[in-house]
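Geometric and topological summary
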Amino acid sequence: MSDAELVLRSTRVITPEGTRAASVAVAAGTITAVLPYDAPVPETARLEDLGDHVLLPGLVDTHVHVNDPGRTEWEGFWTATRAAAAGGITTLVDMPLNSLPPTTTVAHLRTKQQVAADKAHIDVGFWGGALPDNVKDLRPLHEAGVFGFKAFLSPSGVDEFPHLERDPLARAMAEIAAFDGLLIVHAEDPRLLASAPQQPGPKYADFLASRPRDAEDTAIAQLIREAKALHARVHVLHLSSSDALPMIAEARAEGVRITVETCPHYLTLTAEEVPDGASEFKCCPPIREAANQDLLWQALADGTIDCVVTDHSPSTADLKTDDFATAWGGISGLQLSLAAVWTEARRRGHGLEDVVRWMSTRTSELVGLDDRKGAIAAGHDADFAVLAPDETFTVDPASLQHRNRVTAYAGRTLYGVVKSTWLRGQRIVADGEFTEPKGRLLTRTN
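To keep things clear, this report deals only with the structure shown in the data block.

Criteria and cut-off values
- Residues numbered from 1 in each chain as written.
- Predicted model: local features only at pLDDT ≥ 70, side-chain atom pairs only at ≥ 80, totals over all residues.
- Heavy atoms only, no water.
- Helix = DSSP H or I, 4+ residues; strand = E, 2+ residues; numbered from the N terminus.
- Rg over C-alpha atoms; globule rule 2.2 N^0.38 Å.
- Buried < 20%, exposed > 50% of the residue type's maximum accessible area, 1.4 Å probe, protein only.
- Areas by Shrake-Rupley, 256 points an atom, 1.4 Å probe, with all protein chains shown as cover.
- Expected span 1.5 Å × (residues − 1).
- Contact = heavy atoms within 4.5 Å.
- Pairing = 2+ DSSP bridges.
- Axes fitted to C-alpha atoms, helices over the stretch in contact; angles between N-to-C directions.
- Salt bridge = Lys/Arg side-chain N within 4 Å of Asp/Glu carboxyl O.
- Bend = angle between axes of the 7 residues up to and from the residue.
- Polar contact = N/O pair within 3.5 Å; in protein donor to acceptor, adjacent residues only side chain to side chain.

1. Quick look at the overall build of the chain
- Within the chain, the secondary structure is distributed over 12 helices and 18 strands.
- The globule rule puts the C-alpha radius of gyration for 446 residues at 22 Å, and the 21 Å found for the chain is close to it.
- The principal-axis extents of the C-alpha atoms in the chain amount to approximately 70 × 45 × 45 Å.
- Within the chain, buried positions represent 61% of all 446 residues.
- Summing over all exposed atoms, the chain offers an accessible surface of approximately 15900 Å²; the carbon and sulfur share of this is 49%.

2. Quick word on helix α7 (residues 213–230)
- Between the first and last C-alpha of α7 there are 26 Å, a value that for 18 residues agrees with the 26 Å anticipated at 1.5 Å per step.
- Within α7 the residues assigned to the buried category are A215, E216, D217, A219, I220, Q222, L223, I224, E226 and A227.
- Where α7 is buried, its residues meet α4 (166–178), β11 (182–186), α5 (190–195), β12 (233–236), α8 (245–253) and β13 (257–262).
- Remark: H231 follows α7 within two positions and exhibits a positive phi of approximately 50 degrees.

3. Topic: the sheet that holds strand β7 (residues 89–94)
- Spatial ordering of the open sheet is given by β6-β7-β8, a layout of 3 strands whose pairing is parallel. Since the sheet does not close on itself, it has two edges, and those belong to β6 (59–64) and β8 (123–126), each with one partner. When strand polarity is set aside, the average angle formed by the axes of neighbouring strands in this sheet is 20 degrees.
- For β7 and β8, the ladder comprises 4 bridges, and the chain directions are parallel. Looking at the pairing, T91 lines up with D123 of β8.
- Lying over the sheet, helix α1 (residues 77–86) contacts β7 and β8, oriented at roughly 140 degrees with respect to β7.

4. Things to note about the pattern of salt bridges
- One pass over the full model with this rule turns up 28 salt bridges.
- Residues K112 and D94 are paired through a salt bridge, measuring 2.8 Å at the closest nitrogen-oxygen approach. Of this pair, K112 sits in helix α2 (residues 106–116) while D94 sits in strand β7, placing them 18 residues apart in sequence.
- Here K112 falls in the buried class, since its relative accessible area comes to 1%.
- Bridged by salt links that share partners, the residues D123, K373, D381, D383 and R424 form one connected network.

5. Some thoughts on helix α12 (residues 352–366)
- In this model α12 runs 20 Å from its N-terminal to its C-terminal C-alpha over 15 residues, within 8% of the 21 Å that 1.5 Å per residue would give.
- Most pronounced at W358, the bend in α12 amounts to some 35 degrees.
- The complete set of buried residues in α12 reads L352, D354, V355, V356, W358, M359, S360, T363, S364 and L366.
- The positive-phi residue at the C-terminal boundary of α12 is G368, with phi of around 75 degrees.

6. Concerning the side chain of S241
- Locating S241 in the fold gives a position in the loop between β12 and α8.
- For S241, a relative accessible area of 0% gives the class buried.
- Engagement of the side chain of S241 in a polar contact is seen with the side chain of D217, the distance being 2.8 Å.
- With near-sequence residues (within four places) excluded, S241 lies in contact with R213, E216, D217, R288 and N292.

Okay, here's the thing in structure tokens:
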């Protein structure tokens, strides 16, 4: 520890080997050692004694719609990254759509990076987009450092990001497989969505019927067939249908290179509790029934679902009308994701080590950042969240850092108060006080 500049000490440090009392030494923004709790501290190092608060690796959220530039009134890098930091997230990967321009060419990527550069309170990476007409742009985007490519199998909700029918999907997947890239997919079948009953109005039951499980299941089956034929790497975004779990498990057993995520809202909210007209609960695919939620939790426990991400997809409040058919579909969750998941996880008998695995370790692995993110281990970035896991708070929308403070969690009492968040050994937020932006722009390195 002789070169340490900072030592963080806690009776509960979550490491890859388990939770233990430890002293974590940091130099030049990197963890240099994880040592016994009572290891002597060099005179040159500053000691931060965290007592019994839990020290965990900063979360890595690989599914965030920042919308900047172009729809910055919905969300921007300044507000999104502050909200993330307040919630213990130290790295996010931005989705390629809802910003203008979308991240579908290298020039568009450069535009987005330029906008983000001086506004990022945490580290930020970028996904590219796969559209029907941009196959030629995929390899250049890969070489420019995007972490993979987002595609929709059904309409995205914005005109500038059209979905892929079967043949364009196969072409894009073949190109991405040629350089062993990652294709991440919003999997709902457009024909089954079109044939589902479409009843506008405030009733959540009508909206739920308009986005049936079959639409997810059929699209995922198509994705598996294409990935198997091309030996491609694919990732299913925001899984909500538990009916798809057996085919995903079977595909993985057969060697298909498929990973899966779900989201806090599918794990903590249920269709039965959504009030009519409350479109703050609207997302696509939708929040489903409690019995479906139980199966998602089982799949997390057995590893069929790899990770949990927010799919933070905000809009201005006026777009959240009481008509579920026309209201914007997206849930804002950056600042609350850790607390929401931890509250339900602890109720179901899971520990914080599980939450860290789902929301930090495996998300880091998904995007190839696991050599420096997602673990408290020597050689990793000194990114931390300090959590009081047994303290509670009641969600007050006015206290959120999101640009638009519409939230499905309003009024809920959650466990897990983030006391401070650290990025490369620097405390970036504590007790609601933020430093100036210290985040870096990340690119794929392998």
